[in-house]
Amino acid sequence: LAAIKSRGGKVVLQLTGHHKYYLDANGHFSMTKWKERLNMFKGVNFSSYITDGTIIAHMLIDEPSDASNWGGVPVSQATVEAMAQYSKQLWPGMATLARVESTYLAQWSGTYQYLDGAWAQWVARKGDPLVFINRNVTDAKKKGLSLGVGLNTEHGYFGQRMSASLIKSAGSALLSSTYPCTFLSWTWDGEEVYLTTTAVKDAMKYLRAKAQNRTFKSCKS
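In this report, we go over the structure that sits alongside the text. Values in this document were obtained by computation on a predicted structure and should not be read as measured data.

**Things to note about the side chain of Ser172**
Next up, step 1: Within the fold, Ser172 resides in helix 7 (residues 164-174).
Next up, step 2: Ser172 has contacts with Ile167, Tyr206, Leu207 and Lys210, leaving out every residue within four places of it along the chain.

Set out below in structure tokens:
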């Protein structure tokens, strides 16, 4: 965190690692195992990095809506809220996000008191990025949630890497809304050479300029 701060960077923390570490014997999500993973950081005081904005949020879980990750049983919205509650017990000031569309979170009839926001990532199979962002903003507002957005540049074009022109056009569509609190792309694995090609680099610089031109907005709901 000190190294990130020294470079002027910001980060979303994902503290519990790959979901394989918190599955039960049937391959379903285990809150007990998830808490055990999180408890490894129980004694860490993140407060200074929360206060200075280095830490954007704590990402609680990746794709709770995707049943294939959880032995055929998606992680419920109520469970995501319970995860957020536990995170807030440990670090009250740290915003909590789930990497899932707000549309999924909005299907719950309950009220989110501890979950701050959704993180909606666009890929080509999800259709028009303008329609995508508008729907997610509407659903986030319904539940009083903040919203992070981004692209899957590595696998987002039907399993292939996005072209520079698609990165630029889709990213611009997502950033056309003033509602999102962060623009964070996933995944970066093996992207080093790809991201440093001139065209992709220029596209990312273009989006960075758009994002930096925005007024700061917290991801707390």
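**Points about the pattern of salt bridges**
Next up, step 1: Per the stated rule, a full pass over the model turns up 8 salt bridges.
Next up, step 2: One salt bridge connects Asp62 with Arg99, and the closest N-O pair in it is separated by 2.4 Å. In this pair, Asp62 sits in strand 2 (residues 55-62) while Arg99 sits in strand 3 (residues 96-99), placing the two residues 37 residues apart along the sequence.
Next up, step 3: For Glu101, the salt bridge identified is with Arg135, shortest N-O distance 2.7 Å. Here the residue Glu101 occupies a position in the loop between strand 3 and helix 5 (102-105), and Arg135 occupies one in helix 6 (residues 129-142), the gap between them amounting to 34 residues.

**With respect to the state of the cysteines**
Next up, step 1: Tallied over the entire structure, the rule returns 1 disulfide.
Next up, step 2: Note on cysteine connectivity: Cys181 is disulfide-linked to Cys219, with sulfurs 2.0 Å apart. With the S-S bond torsion at 95 degrees, the cross-link from Cys181 to Cys219 turns out right-handed. You can see Cys181 sitting in the loop between helix 7 and strand 6 (182-183) and its partner Cys219 sitting in the segment after helix 9 (198-212), a full 38 residues away along the chain.
Next up, step 3: For Cys181, a relative accessible area of 14% corresponds to the buried category.
Next up, step 4: For Cys219, a relative accessible area of 3% puts it in the buried group.

**Remarks on the packing of aromatic side chains**
Next up, step 1: The full count for this structure, using the stated rule, is 7 aromatic pairs.
Next up, step 2: Seen in terms of ring centroids, Tyr22 and Phe29 are 6.0 Å apart; in terms of plane orientation they differ by 80 degrees. Their pairing is edge-to-face.
Next up, step 3: Since its relative accessible area comes to 1%, Tyr22 is described here as buried.
Next up, step 4: According to the relative accessible area criterion, Phe29 is buried, its value standing at 15%.

**Structural notes on the environment of Ala140**
Next up, step 1: Tracing the backbone through its elements, the reader meets Ala140 in helix 6.
Next up, step 2: Setting aside its immediate chain neighbours within four residues, Ala140 contacts Ser102, Leu145, Ser146, Leu147 and Tyr179.

Reading guide: rules and limits
Residues numbered from 1 in each chain as written. Predicted model: local features only at pLDDT ≥ 70, side-chain atom pairs only at ≥ 80, totals over all residues. Heavy atoms only, no water. Helix = DSSP H or I, 4+ residues; strand = E, 2+ residues; numbered from the N terminus. Contact = heavy atoms within 4.5 Å. Salt bridge = Lys/Arg side-chain N within 4 Å of Asp/Glu carboxyl O. Disulfide = S-S within 2.5 Å. Buried < 20%, exposed > 50% of the residue type's maximum accessible area, 1.4 Å probe, protein only. Phe/Tyr/Trp six-rings, centres within 6.5 Å; stacked < 30°, edge-to-face > 60°.

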